Amino acid sequence: MAKMKLPTIYNVHLVAIIATLGGALFGFDISSMSAIVVTNQYITYFNNPSGVIQGAIGSALAAGSVLGSAIAGPISDKIGRRDSIMFACLFWLIGTAIQVACQNVGQLIVGRVFNGFTVGITSAQVPVYLAEIAKAEKRGSLVIIQQLAIEFGILVMYFIGYACASIPGTASFRTAWGTQFIPCVLLIVGLPFLPRSPRWLAKVGRDEEAIRTLANIQADGNIEDPRVIAEWEEIVTVMNAEREAGKGWRKFFKNGMWKRTMAGMTVQAWQQLAGANVIVYYLTYIAQMAGLEGDVAMVTSGIQYAVFIIFTGVMWLFIDKTGRRTLLVWGALGMGFCHFVIGGVMGGNHIDVPGGVGNPPNANIVIAVHSGAPANTVITFSYLLIVVYALTLAPVCWIYAAEVWSLGTRATGMSMAALSNWVFNFALGMFTPPAFVNITWKLFIIFGALCVAAAIWFWVFYPETCGKTLEEIEVMFSNDGPRPWNTRKGESRLAAEIEAVIARKEKGEQPGLAEAVTRDGDNKA
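No experiment lies behind these values; they were computed from the predicted model shown. (Residues numbered from 1 in each chain as written. Predicted model: local features only at pLDDT ≥ 70, side-chain atom pairs only at ≥ 80, totals over all residues. Heavy atoms only, no water.)

Caption draft 1: Seen up close, the packing of aromatic side chains. By the definition in use, this model includes 18 aromatic pairs. Both rings, one in Tyr 158 and one in Phe 159, keep their centres 5.4 Å apart while their planes meet at 85°; by these two values the pair is edge-to-face. Given the relative accessible area of 32%, Phe 159 is considered partly exposed. Connected via pairs of aromatic rings, a cluster forms that spans Tyr 42, Tyr 45, Phe 46, Phe 173 and Trp 177. (Phe/Tyr/Trp six-rings, centres within 6.5 Å; stacked < 30°, edge-to-face > 60°. Buried < 20%, exposed > 50% of the residue type's maximum accessible area, 1.4 Å probe, protein only.)

This is the structure:
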């Protein structure tokens, strides 16, 4: 009896929408706390957690993500990009169940660690999967769907939490946290219909399947299409070079690879050090500092997530028409300006409230900004910071980190990049709630200075990758590659290689991929 085979989806945008439900998990978990931490039910049941305790609750997701991202690369290389995402979903189901049933802070932290483990794997491997199936000129717009999914998850979960805040007792936060099962189940159902990465298939020697998958994605199944032939030749050439480079950790540092390792890991670190997540996670705190209370504070905070999605959606239209370097440098400078304004206005226009702001008092909020222009300025520039972040560092840091690796290092390399992100996310998660208490407005001055440092770093060390094939980026980071500030977007050599394939086919000098497929099938027989 023949084994039933599920149909496979090859429309890359539909593939991206399903795969990036992994990003929606991330978003759901972020705002599962954002809308809950200021509710009376949460404050009363968990005994008004503040400082290090609230920091531990908030950063538990990042702690689990550190573990998940650390093992994501080896798992992905072994079982594939798609199946590693499926593996991660199992831990999300466990973590969500623990959170829904938790009886104390310790159990809540454990549940968030399990969820974080899932996010660590998906945040590392979904961008890799999308980068490996996308055309070079559309890669940015495809990978940015991951960021949109994160933001959509944040927005939906925030307003679920807001709606559940009216439910009395612990059912309030338990109901909200229980809805985290929904995106995970949808992802589990959708994953079997997605193709495997053609580059991973080539890496593990499944050439026939790799060629057919590449052709289905790039040319409606035509394995003799010049684009498919040119891209396959690049993949084979790069794979051969990587096999000669050897195995082990030295491949991350040999022959110019250290530049790529540095770029992939630091771009993710700078995304965290730029400080936008202080606003994303804790705008409810900032709103209360500015004198907003109750539903007004909650809705004001929720609006930022809608703003986040809108402006990332705008960038989805232009991401592959604008250089990665341009967005990174100017984005960091714009965010730095916003941080300086927020910190400066808070510093010059506040009163100390040692017992905490609010009713009941929130022990994490110990200053109140003067009402009127100062409070309005703080809220306005908090929104503006999110706008700049949504247009620049939020999507571009994930895109850049997915682009810089070679085929042989991509899965583990992206895991290292995600690990960097989550280590700094964890550190800042532990640092921010105590910082709100101990250094208050000075926190924003620190982040402003870090944004200026990030802009300088981006300009000096990161070559432009926009419009290049993943194989061409090999050259950008090689010892003989151009200086980063001399690189430009586009200028891909793939178009010339396609023309060369067409010319050779016209002369009868170009072997077709059908021969390679037949030969691979004969070898398996």
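Caption draft 2: Quick peek at the pattern of salt bridges. Summed over the entire model, instances satisfying the criterion amount to 10 salt bridges. Salt-bridge contacts for Arg 82 lead to Asp 83; the nearest nitrogen and oxygen are separated by 3.2 Å. Each of the salt bridges in this network shares a partner with another, and the network as a whole consists of Asp 77, Arg 81, Glu 132 and Lys 203. (Salt bridge = Lys/Arg side-chain N within 4 Å of Asp/Glu carboxyl O.)

Caption draft 3: Broad picture of the confidence of the model for the protein chain. When pLDDT is averaged along the protein chain, the result is 83; 89% of the residues meet or exceed 70. Looking over the protein chain, one finds the lowest element-wise mean pLDDT in helix H23 (residues 513–524), namely 54, and the highest in helix H20 (residues 442–461), namely 95. (pLDDT = per-residue confidence, 0-100. Helix = DSSP H or I, 4+ residues; strand = E, 2+ residues; numbered from the N terminus.)

Caption draft 4: Fine view of the packing of helix H17 (residues 373–391) against helix H18 (residues 393–403). It is at 4 Å that the axes of H17 and H18 come closest, and there the two elements cross at 25°. The orientation of H17 with respect to H18, classified from their angle, is roughly parallel. Across the interface between the two elements, Tyr 389, Ala 390 and Leu 391 from H17 touch Leu 393, Ala 394 and Pro 395 from H18. A class-by-class count of the residues in the contact of H17 with H18 yields six nonpolar, no polar and no charged. (Axes fitted to C-alpha atoms, helices over the stretch in contact; angles between N-to-C directions. Parallel < 35°, antiparallel > 145°, perpendicular 65-115°, else oblique. Contact = heavy atoms within 4.5 Å. Nonpolar A, V, L, I, M, F, W, Y, C, P; charged D, E, K, R; others polar.)

Caption draft 5: Looking closely at the side chain of Thr 20. Assignment of secondary structure puts Thr 20 in the loop between helix H1 (12–19) and helix H2 (21–34). Thr 20 sits in the buried class, given a relative accessible area of 2%. Leave out the neighbours within four places in its chain, and Thr 20 touches Val 126, Leu 130, Ile 145, Gln 146 and Ala 149.

Caption draft 6: Region of the structure containing helix H5 (residues 81–101). Between its first and last C-alpha, H5 extends 32 Å over 21 residues, near the 30 Å set by a 1.5 Å rise per residue. Among all positions in H5, only Arg 81, Arg 82, Ser 84, Ile 85, Ala 88, Cys 89, Trp 92, Gly 95, Thr 96 and Gln 99 are buried. Looking straight down H5, one finds its buried side chains confined to an arc of 150°; they lie on one side. (Expected span 1.5 Å × (residues − 1). Arc of directions from axis to C-beta.)

Caption draft 7: Expanded view of the state of the cysteines. Applying the stated criterion to the full structure yields zero disulfides. Lacking any disulfide linkage, Cys 89 is separated from the closest cysteine sulfur, that of Cys 184, by 4.2 Å. On the basis of relative accessibility, which here comes to 0%, the residue Cys 89 falls in the buried class. (Disulfide = S-S within 2.5 Å.)

Caption draft 8: Highlighting H1. Here H1 has its buried residues at Val 15, Ala 16, Ile 18 and Ala 19. All buried residues of H1 project into a common sector of 165° when viewed along the axis, lining one side. Among the structural elements, H2, helix H6 (105–133), helix H7 (139–164) and helix H9 (181–190) are those in contact with the buried residues of H1. By the N-cap criterion, in which a side-chain oxygen at the helix start approaches the backbone nitrogen of a residue two or three places on, H1 is capped by Asn 11, the distance to His 13 being 3.1 Å. (Polar contact = N/O pair within 3.5 Å; in protein donor to acceptor, adjacent residues only side chain to side chain.)

Caption draft 9: Geometry of the side chain of Asn 425. Structurally, Asn 425 can be placed in helix H19 (residues 410–438). Among the polar contacts made by the side chain of Asn 425, one reaches the side chain of Gln 272 at a distance of 3.3 Å. With near-sequence residues (within four places) excluded, Asn 425 lies in contact with Ala 62, Gln 272, Asn 277 and Tyr 281.

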